[in-house]
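Structure at a glance
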Amino acid sequence: MKLSNLFILSLLLFFSIGIAQAQEFTLSGTVTSDADKGPIPGVTVFIKGTSNGTVTNIDGKYTILLKEDDKGKTLVFNHIGMINQEFTIGDQTQLNVSMIPDMEELEEVTVVGYSSESKKLLSSSVQTVDSESLKDLPVGTLDAALAGQAAGVQINSNSGTPGGALSVRVRGVGSVNAANQPLYVIDGIPVITENSSQVSFSGQTISALSDLSPSDIESFTVLKDGAGAAIYGSRAANGVVLITTKRGASGKTKISFNAFGGVQQVYKRLDLLNKQQWFEFKNDQLGVEKYTKEYIDNYPHDTDWQNEVFRDAPMASYDLSLQGGNEKTNFYLSGSYFKQDGVIKGSGYDRTNLRANIDHHFSEKVKLGTSLQFGMSENDRIEGDQSLNAPLPNALSLPAIYPVYNEDGSYNEDGPYANPVAIANEALNKAYTYRGLGNAYLDIALLEELTFRTQVGFDYYHLREHSYDPVTTRQGASYNGLGFSANNTSINTTVNATLQYVKSFGNHKFDLLAGFSSESYNNRSNYIRGQNFSRPEFKYITSASEIIEADSYGLDRGLNSFFAKANYSYANKYIFAFSVRRDGSSKFGENNRYGTFPSASVAWRVIEEGFMSTSDFFSDFKIRGSYGLTGNDAIGDFRYQALYGSGADYNGQPGIAPTQLPNENLKWETVKQANFGIDLGFWNDRLSLTTEVYQKSTTDMLLSRPLPPTSGFSSVISNIGEMRNQGVEVLLGYEIFRKSDFNWKASLNVSTYKNEVVKLYNGQPIDNIGRGNNRIEEGSPISIFYGYKSLGVDSSTGDIVFADINGDGEITSEDRTEIGNPHPDFFGGFTNTINWKNFDMNLLLTFSVGNDIYNGTRVYLESMKGEDNQTTAILDRWREPGDVTDIPRATANDPNNNNRASNRFVEDGSYLRLKNVTLGYTLPKAFTKKVFIDKLRVYVSGQNLFTLTNYSGMDPEVNYAGDDGVRMGTDFFTYPNARVYTAGLNVSF
């Protein structure tokens, strides 16, 4: 090439580059809020119809590179809760934007069945609890975070057992033999909540919900009425709890670290007899002075067994998360660790969780996302409640006269019950869980109004249990070492597919959805028990010389469903909603394999009427009504079939025998629920009021029907019962102060319900249930306490006089009557949130009024017979004729059976509890910015700081049978809830 040609080519290249550079220019500016004029970080700025964009920084500033041919195109400013701003690109290089809050967008959007909806357009009974209400609660489980925060949702912790199951009741108890817990759905996928433990621990069970981290929750939504829950069909009879986890957002990556640590204490103990009181009581019981004053004074042991088993227990929680993204991909990544030592020695729980939520836009029409969580936990369990091999029951029952240790340092086992310190220190009871929970979804916008979504999810839950009692415990010594090993693995897979059509024209809005769901559940378990271990140090079954029990089990079941719903609204004023689901379950025979669950609801937004337009008083006024059918299939599998079991060996040959009669007509329990509600807002929603009235009837209730002895079976399960709940719920919110530097919001929810058993088989009551002598009978609430009515102590004999109900002159079982009711008249919670400058305070009170507790602990600790220690209440016992008291005499044989089940042991369980109080301080940004911290908040918190109650036991929030829908309201040596003091910090970068 000639030198001249090369020179010309170089000039052309230079000018083309210069022209290209001249065709590019930058546009920059600041985005602020029209409401408070402050900068808005995380605003997405992009050219409409392209992927060219940027995001505002923490000061609301942005810079975007544009080309000459971008002029005339539209530049979009987008941010959640703001109205999109659009500008035509011209010659300007500076563009400041003020964004206006979108009141429609800011109107709470609520997750409902398979979709989401503006709260103002809801026609069913739905309540949402967001992450702000949960952030400072020092709780370890999802369901505990809900306590006291949702109207109509009664949550009882049952005990203070770390990692234990809670009772969650949405609008009361609805079943006898099927489950009463709601269905839990996390990010659209139903999750396993069952107790998979195969090693019995006498009441307080392991909850699968305990393995999920509360720190990842964005919100709870509770579907309470039939119209809201019917879309979930055969498992929605007890309500549905929808849990949404946190997700990423466009903008700068936010790094958050939250931590708290604290100590737990038993805030109340029982007053028990010391050695002197014990010996004096024994002399009175025996009727002779067996123990002289000199003997008592010189006796060397006076053990406070409660001091020996209770302890101040630490707890701590740490979680780290990353949240961010761009216009294409958003992410939320987190890791958390929670550790809780129990206030009773030997108990504790710790859990580790990892989560990744990722959403990616392939284009404006295609979106793909996933949610993945892995968790593992280790639970140190102790036997409790009604066990004779448990630290707390034995510590309460052992008299103070027995020492903890012998002179040689070994555990003293001379008492009537096993040494509780030996059990707490030496017994090994481990439960390990491994949990994988995840889903992936694909959204495709087929048309502007038509969206297809498919979602695949799984829930993997593995529980491994290992127990060992060495010879240094009484139970272990009786077997020369006793060991258990068990494994239980469950996998639930779900496939959902939905097609949703949303169309608005004029004042008309249609939202139509149709879908399909398929679930497959697989369970495999094995269990083995061995004894006679060669050495105490060898703790696993392989070292057992004798295997005395072994078992394995497998189960596969499925559920196929079709569902649809249609919502229509006119001018956001008249709202109509319909849904239907048809479920097919392998739990039922061909005659009733499929069930149909329809619902309908209507609402009138009176506030949208013309005659309300001039009102400054009302800011919201909506009237709602709904009716829907839901089901309950939570019974054992294959109950409709004829079953056979092995072990019927004959003449040395293996054989089988029938274990269950078939019932091909078995079907779901069906709940029919009607709901009427009013939503009111006053003075720009400064005051809000929601009132609900409902009736919830369970029909085709699953009960055991007695059979004649000639059949070879005592009963067969059938659909033969009915039950009814009806009640009122009130949710009141008031912003007491609304100023720039001082804000005070209060919220009160109060719920009442009345339960009645309407129908049983041939009217026959179900009697003598559990330690509280619960009874189920027609015309009464489920699980009333049933026993004898005490008329007081006869001052001449010292025995209790029991009422002769039938007037036949004798006290027999026919004189038993209703002596208490475990259901409250009303319950609820009261929340206060106060913000003043950089200070914040949150206070949560919970209460239950009108419920009774059967104090089964007192049956033994105030019996004044046998070898159990006694409470100091017996110091007021009858001693001689003429004594006036409500405590009977001490006697070794008790011919009058003074401690029989009677109203003597039924107490008022009402309480008002300071569930949580938190005081926080956020450091000024002028300081934190210097150390590159966006926000730094420190706080102190207390839980269960005080409880006002007349109940004499250690804790009124109690049930010895854990999450049992029938054995209710009974305290029997139950692990108490603790008082908790914590301090924590929240840091974000």
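All of these numbers come straight from a predicted model, not from anything done at the bench. Each residue is numbered by its place in its chain's sequence as written, counting from 1. Given that this is a predicted model, residues contribute local features only at a pLDDT of at least 70 and side-chain atom pairs are listed and counted only at 80 or more, while totals for whole chains, interfaces and linings are drawn from all residues. To obtain the side-chain values, all non-hydrogen atoms of the structure were used and water was disregarded.

Considerations on the overall build of the chain
For helices the rule is a DSSP run of H or I covering at least 4 residues; for strands it is a run of E covering at least 2, with both sets numbered from the N terminus onward. Helix and strand counts for the chain stand at 11 helices and 50 strands. Put simply, the radius of gyration uses C-alpha atoms, and a globule should come to 2.2 Å times the residue count raised to 0.38. Computed over the C-alpha atoms, the radius of gyration of the chain is 33 Å, within 12% of the 30 Å expected from 2.2 N^0.38 for a compact globule of 989 residues. Seen along its three principal axes, the alpha-carbon backbone of the chain occupies a region of about 130 × 70 × 65 Å. The buried label goes to any residue with under 20% of its type's maximum accessible area, the exposed label to any with over 50%, and the partly exposed label to all in between, with areas taken from a 1.4 Å probe on protein chains only. By residue count, 52% of the 989 residues in the chain fall in the buried class. Residue contacts follow a heavy-atom distance rule, with two residues in contact if any of their heavy atoms lie within 4.5 Å. A separation threshold of at least 6 residues defines the contact pool for the chain, and within that pool the share at least 24 residues apart is 69%. Summed over its atoms, the accessible surface of the chain is roughly 42700 Å², and 54% of this surface lies on carbon and sulfur atoms. In this description, accessible areas are obtained by the Shrake-Rupley approach with a 1.4 Å probe, and a residue is regarded as covered only by the protein chains that are shown.

Concerning the environment of asparagine 821
Summarising the element assignment, asparagine 821 is placed in the loop between strand S41 (817–820) and strand S42 (826–836). Asparagine 821 has contacts with Pro781, Phe785, Gly850, Asn851 and Asp852, leaving out every residue within four places of it along the chain. A distance of 3.0 Å separates a polar side-chain atom of asparagine 821 from the backbone nitrogen of histidine 823. The definition of a polar contact used here is a pair of N or O atoms within 3.5 Å, where within protein one atom must be able to donate a hydrogen and the other to accept one, and adjacent residues in sequence count solely through side-chain atom pairs.

Some points on the packing of aromatic side chains
In this scheme Phe, Tyr and Trp rings, the latter by its six-membered ring, pair at centre separations within 6.5 Å, and the angle between planes marks the pair as stacked below 30 degrees, edge-to-face above 60, and tilted otherwise. Counting across every chain of the model gives 38 aromatic pairs. Judged by centre distance (5.0 Å) and plane angle (45°), the ring pair of phenylalanine 737 and phenylalanine 742 falls under tilted. Members of the aromatic cluster, connected to one another through ring pairs, are Phe617, Phe618, Phe621, Phe682 and Trp683. In this analysis the charged atom, NZ for Lys or CZ for Arg, is taken to sit over a ring once it is within 6 Å of the ring centre and within 35 degrees of the ring normal. Just above the ring of tyrosine 441 sits the side chain of arginine 453; from NZ or CZ to the centre is 4.3 Å. Across the ring face of tyrosine 521, the terminal group of arginine 557 is positioned such that the distance to the ring centre comes to 4.1 Å.

Things to note about the sheet that holds strand S49 (residues 970–971)
When DSSP locates at least two bridges between a pair of strands, those strands are taken to pair. Pairing within the open sheet is mixed, and its three strands lie in the order S45-S44-S49. Pairing within the sheet leaves two strands with one partner each, and these edge strands are strand S45 (906–908) and S49. Across two bridges, the pairing between strand S44 (residues 852–855) and S49 is parallel. Residue pairing for S49: asparagine 855 is matched across the bridge by aspartate 971.

Brief notes about the environment of phenylalanine 533
Within the secondary structure, phenylalanine 533 sits in strand S25 (residues 508–533). Residue classification places phenylalanine 533 among the buried positions, given a relative accessible area of 3%. Taking C-alpha positions, phenylalanine 533 is 5.8 Å from serine 543, a pair spaced 10 residues apart along the chain. Setting aside residues up to four positions removed in sequence, phenylalanine 533 forms contacts with Tyr468, Asn480, Gly481, Leu482, Gly483, Phe538, Lys539, Tyr540, Ile541, Ser543 and Ala544.

Concerning unusual backbone geometry
Even without being a glycine, asparagine 480 presents a positive backbone phi close to 55°. Along the chain, the position of asparagine 480 falls in the loop between helix H9 (474–479) and strand S24 (482–505). Since its relative accessible area comes to 34%, asparagine 480 is described here as partly exposed.

Here we look at the nonpolar core
As used here, the term nonpolar core means buried Ala, Val, Leu, Ile, Met, Phe, Trp, Tyr and Cys residues forming a set that is joined through side-chain atoms within 4.5 Å. Within the largest apolar cluster, 26 residues are counted, with the highest numbers of intra-cluster contacts made by Leu142, Val153, Ile155, Tyr184, Ile186, Phe220 and Ile243. Secondary-structure elements contributing two or more residues to this core are strand S11 (153–156), strand S12 (167–170), strand S13 (183–186), strand S15 (217–223) and strand S16 (240–245). Setting aside its immediate chain neighbours within four residues, phenylalanine 220 contacts Gln127, Thr128, Val129, Leu134, Leu142, Ala145, Leu146, Val241, Leu242 and Ile243. In this structure, Ile296, Ala395, Tyr411 and Ile874 belong to the second largest nonpolar core, which totals 22 residues.

Topic: the sheet that holds strand S36 (residues 766–769)
With antiparallel pairing, four strands are arranged side by side in an open sheet as S36-S37-S38-S41. What marks the edges here is a single partner per strand, and that holds for S36 and S41. Shown here is a sheet whose adjacent strand axes are inclined to one another by a mean of 45°, direction ignored. Summarising the sheet, strand S37 (residues 774–776) and strand S38 (residues 784–787) pair through two bridges and their orientation is antiparallel. Within S38, the residue paired with arginine 775 across the bridge is isoleucine 784. Axes, fitted as lines to C-alpha atoms, cover a helix only where it is in contact. Angles between the N-to-C directions of the axes lie from 0 to 180 degrees.

Structural notes on the pattern of salt bridges
The term salt bridge refers to a side-chain nitrogen of Lys or Arg lying within 4 Å of a carboxyl oxygen of Asp or Glu. Scanning the entire structure with this criterion turns up 48 salt bridges. Residues arginine 775 and glutamate 777 are paired through a salt bridge, measuring 2.8 Å at the closest nitrogen-oxygen approach. Judged by relative accessible area, arginine 775 falls into the buried class, the value being 10%. Classification of glutamate 777 by relative accessible area gives buried; the value is 18%. A salt bridge links aspartate 934 to lysine 925; its shortest N-O distance comes to 3.7 Å. Its relative accessible area of 25% is what places aspartate 934 among the partly exposed residues. Overlapping salt bridges bring together Lys622, Arg624, Asp679 and Glu692 as one network.

Points about a nonpolar patch on the surface
A surface patch of nonpolar side chains, amounting to about 490 Å² of accessible area, comprises Ile255, Phe257, Tyr318, Leu320, Tyr337 and Phe989. Elements with a minimum of two residues in the nonpolar patch: strand S17 (251–265) and strand S18 (313–325). Assessed through its relative accessible area of 41%, leucine 320 is described here as partly exposed. Residues forming no salt bridge and having over 30% relative accessible area are the ones grouped into patches, like charges within 9 Å of each other and nonpolar side chains (Val, Leu, Ile, Met, Phe, Trp, Tyr) within 5 Å.

Some words on the side chain of glutamine 154
As for its placement among the helices and strands, glutamine 154 is situated in strand S11. Under the relative-accessibility criterion, glutamine 154 is labelled buried at 19%. Residues contacting glutamine 154, with those up to four places away along its chain left out, are Ser167, Val168, Arg169, Tyr753, Pro824 and Phe827.

Looking at helix H4 (residues 275–286)
Here H4 is 12 residues long and its end C-alpha atoms lie 16 Å apart, about the 16 Å a rise of 1.5 Å per residue gives. Packed against the buried residues of H4 are helix H5 (293–298). Among the residues of H4, the N-terminal cap falls to asparagine 274, whose side-chain oxygen and the backbone nitrogen of glutamine 276 are separated by 3.2 Å. Trailing H4 by a residue or two, glycine 287 shows a phi angle of about 80°, which is positive. In this analysis, the expected span of each helix is defined as 1.5 Å times one less than the number of residues it contains.

Describing the side chain of asparagine 944
The residue asparagine 944 is located in the loop between strand S47 (935–943) and strand S48 (947–949) in this model. With sequence-adjacent residues up to four places away left out, asparagine 944 is seen in contact with Arg913, Leu914, Lys915, Asn977, Ala978 and Arg979.

Side note on the confidence of the model for the chain
The predicted structure's coordinates, where accompanied by low pLDDT, should not be read in detail. Looking at the chain, pLDDT values average 90 and 96% of them are 70 or higher. Taking the mean pLDDT of every element in the chain, the minimum, 41, falls on helix H1 (residues 3–22) and the maximum, 98, on S44. Taken as a whole, residues 1–22 scores under 50 in pLDDT and shows two contacts with residues more than four places along the chain or in a different chain. Note on scores: pLDDT gives the predictor's confidence for each residue, bounded by 0 and 100.

Concerning the pairing of S44
Residues in a regular strand project their side chains so that they alternate between the two faces of the sheet. Neither face of S44 is left uncovered, since the one carrying Asp852 and Tyr854 and the one carrying Ile853 and Asn855 both have all their residues buried. Both S44 and S45 contribute to a ladder of three bridges, which runs antiparallel. If you follow aspartate 852 over to S45, its bridge partner there is aspartate 908.

So, the pairing of S25
Both S24 and S25 contribute to a ladder of 24 bridges, which runs antiparallel. Looking at the pairing, serine 490 lines up with asparagine 523 of S25. Between the antiparallel neighbours S24 and S25 lie two residues, among them glycine 506 with a positive phi of about 60°. Bridge analysis of S25 against strand S26 (residues 544–570) gives 25 bridges, and the strand direction is antiparallel. Across the sheet, the residue bridging to asparagine 526 is serine 552, located in S26.

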